[in-house]
Amino acid sequence: MTAAEIKEAVLEILSDIAPDEDLSNLKEDVSFREQLEMDSMDFLDIVMELRKRYRIQIPEEEYPALASMKSTVEYLEPRMTEVAKKQ
Amino acid sequence: MTYDAIIIGAGMSGLAAGIRLAHFERKVCILERHSVIGGLNSFYRRGGRNLDVGLHALTNYAPTGAKNRPLSRIMRQLRLAWEEFSLAPQVGSAIRFPGAELNFTNDYKLFESEVHRRFPREKDNFARLVGELCDYDHIDQPSVRHSAKEHVAERVKDPLLREMLFCPLMFYGSAHEHDMDFGQFSILFRSIFLEGLARPFAGVRLILKRLVDKFKNLGGELRLRAGVSRIAVKDGAATKVVLDDGVELEAKNVLSSAGWPETLRMCAEPSSERAADPGRLTFVESIAILDSPPEKLGHDKTIVFFNDSEKFHYAAPEEAADVRSGVICSPNNFDYDEPMPENVLRISTLANYARWAELDEVEYRLAKLRWFDRAAAAAARFMPEFRHAVIDTDMFTPLTIHRYTGHEGGAVYGSTQKRYDGTTHLKNLFICGNDQGLVGIVGAILSGIGIVNKYLLKE
Ligand SMILES: Cc1cc2nc3c(=O)[nH]c(=O)nc-3n(C[C@H](O)[C@H](O)[C@H](O)COP(=O)(O)OP(=O)(O)OC[C@H]3O[C@@H](n4cnc5c(N)ncnc54)[C@H](O)[C@@H]3O)c2cc1C
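Residues numbered from 1 in each chain as written. Chains lettered and ligands numbered in written order. Predicted model: local features only at pLDDT ≥ 70, side-chain atom pairs only at ≥ 80, totals over all residues. Heavy atoms only, no water.

A. The side chain of B:Gln90, seen in detail. Residue and element names in this part refer to chain B. Examined against the element boundaries, Gln 90 turns out to sit in the loop between strand E5 (87-89) and strand E6 (93-97). The class for Gln 90 is buried, based on a relative accessible area of 6%. A polar contact of 2.5 Å, which involves the side chain of Gln 90, links it to the side chain of Ser 93. Apart from the residues within four sequence positions on either side, Gln 90 is in contact with Phe 104, Thr 105, Asn 106, Leu 197, Ala 198, Thr 302, Asn 333 and Phe 334. (Helix = DSSP H or I, 4+ residues; strand = E, 2+ residues; numbered from the N terminus. Buried < 20%, exposed > 50% of the residue type's maximum accessible area, 1.4 Å probe, protein only. Polar contact = N/O pair within 3.5 Å; in protein donor to acceptor, adjacent residues only side chain to side chain. Contact = heavy atoms within 4.5 Å.)

B. The packing of aromatic side chains, seen in detail. Residue and element names in this part refer to chain B. Counted under the stated rule, the structure contains 25 aromatic pairs over all chains. A centroid spacing of 5.8 Å and a plane angle of 70 degrees characterise the contact between Tyr 44 and Phe 396, whose relative ring orientation is edge-to-face. Pair noted here: Tyr 44 is in strand E3 (residues 43-46) and Phe 396 is in strand E17 (residues 390-396), with a separation of 352 residues, a long-range link. In terms of burial, Tyr 44 and Phe 396 fall into one category: buried. Centroid distance Phe 182 to Phe 185: 5.8 Å. Interplanar angle 20 degrees. Geometry classified as stacked. With Phe 182 and Phe 185 both in helix H7 (residues 182-195), this residue pair falls three residues apart, about one helical turn. Following the ring pairs from residue to residue traces out a cluster consisting of Phe 104, Tyr 108, Phe 111, Phe 126, Phe 166, Tyr 172, Phe 182, Phe 185, Phe 189, Phe 193 and Phe 305. (Phe/Tyr/Trp six-rings, centres within 6.5 Å; stacked < 30°, edge-to-face > 60°.)

C. Fine view of a nonpolar patch on the surface. All names here are of chain B. Together, Val 362, Leu 366 and Leu 369 line one region of the surface with nonpolar side chains, adding up to about 300 Å² of accessible area. Among the structural elements, Leu 369 can be located in helix H11 (residues 361-380). Accessibility expressed as a relative area gives 56% for Leu 369, which makes it exposed. (Patch = residues over 30% accessible without salt bridge, like charges linked within 9 Å, V, L, I, M, F, W, Y side chains within 5 Å. Areas by Shrake-Rupley, 256 points an atom, 1.4 Å probe, with all protein chains shown as cover. Salt bridge = Lys/Arg side-chain N within 4 Å of Asp/Glu carboxyl O.)

D. Representation of the interface of chain A and chain B within the structure. Taken together, the contact between chain A and chain B spans 18 residues of the former and 19 residues of the latter. Of the roughly 1,700 Å² buried between chain A and chain B, counting both surfaces, carbon and sulfur atoms make up 42%. Between B:Arg76 and A:Asp20 there is a salt bridge whose closest N-O contact spans 3.3 Å. Viewed at the interface, chain B and chain A are joined by 14 residue pairs in polar contact (both at pLDDT 80 or more). For the side of chain A that touches chain B, the secondary-structure elements that each account for two or more residues are helix H1 (3-17) and helix H3 (40-54) of chain A. In terms of residues, the side of chain A that touches chain B owes the most to one element, H3(A), which gives eight residues. (Buried area = accessible area lost by both parts, 1.4 Å probe.)

In short, geometric facts, not functional conclusions.
Following this line, the structure appears as structure tokens:
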């Protein structure tokens, strides 16, 4: 997947986890926590959904990499080059 | 075949746990002894009417889209849309003691002003107490358990105000007689007064239908009439469950909503140090079908918590029931778009399981009639007279509660010993629901979600 596709995939996950959040103005380099009202349970779900949809395993000590959209995409890109985009 | 997880009980907590597991592609099976789902919060049809077993109101009300509330957490975690529960907020409720009344709605300001009006000297004390319990999180602080009676008495001086606060909170969630943990007090205070009450127009069946449909659509397996009689144990772990009919099912993890002492018994755990007290608090619920809406009879309250003296006694009575205090609920008095087809009053009063269990068939039926009349008379002291308008009645006793939930002694809120962290003496057996320490419908659902997240989705 390309960086753009990964971003799209993360946005899709976010909108499924928190459908009542407005994601249209999400700033890439600001942490999700500062922009979205999400608690630790919601954050765990980002990890879980990535695993479910793309079979990506993220070890617990690396969760901080998923703080913002920018860091998430940077973290995922090398790990998802082989992964096909979802239809 | 080995399941990733077997869940014992298709009540609110078991269904919620099942949805989380199935959503994340775990092979999961819910086993329910009854022929219907819902546990205590089930429903039935009688004389052409749809009636609920347990439901008065859903606590923790939050308006559509509200964030960081227990209810919004449930919606997100279970991937449900707010509209799916179609909750109608309460019209307004009251706590009524002789010569004293406190009204409340889903707008906390009203309750606060009621307390100020009736107890002007307690204004600051009360504000301090509420400030404190707003941030109190007892699930995360399992070591600090202390008496709510003592804690509140140090802050609120007027004993009448204290009793008026304890009455609704104990009725809606204390497994203990006489007192409760301050953490539990805080949770219940928030869920009832700071958040509020609501009900789906179609009653609890709507919530259950949403949950069970979701579970099945995700590929979850539900077996009814599949009671678990035994959990087989080897080397400190549960290996399989044995059903009442002898069928054996293997599972990597077992999550039980059947109650802590009840679950221990399934493990054939004889050691007395582990024997937990099943709890003694149980209710009789008297249901009156009226010929006209309660509002027409002058009763516009959603819930009335009543007590007929200055002191509130929350304990299993000596007699079959104790009608000095109780809860009057009218499912009609929620803010629906259209009027409900049935006109209903429900009156819950404290009861004694043994007094009901010792009766023979005929005595049991007579006792139901007798106690219905007493409960109705007791309630009529705290609301407009309604008894002339009653066209049909029904009654649940502690035996009914036992039948629907499997909880020994019909203990409504389960054991007095909670397993706050959800773990047991077996490494892959967990407890959810009432006996994990979260009560009520919202509490039970959160418990199922929380325990699954904490222990069953990590590997
Ligand atoms: C009269 C009354 C009114 C209430 N009103 C309200 C209300 O208005 N609002 C509210 O929020 N809460 C209310 N409650 C409380 C609420 O019902 C409970 O806190 C909640 O439903 C508990 O859910 P649970 O999943 O923990 O357990 P349960 O509902 O007890 O579910 C346990 C399930 O496990 C099954 N089971 C037990 N043993 C076995 C076994 N060995 N094998 C297989 N299955 C088994 C049972 O059949 C049951 O279905 C009320 C309770 C009562 C008694």
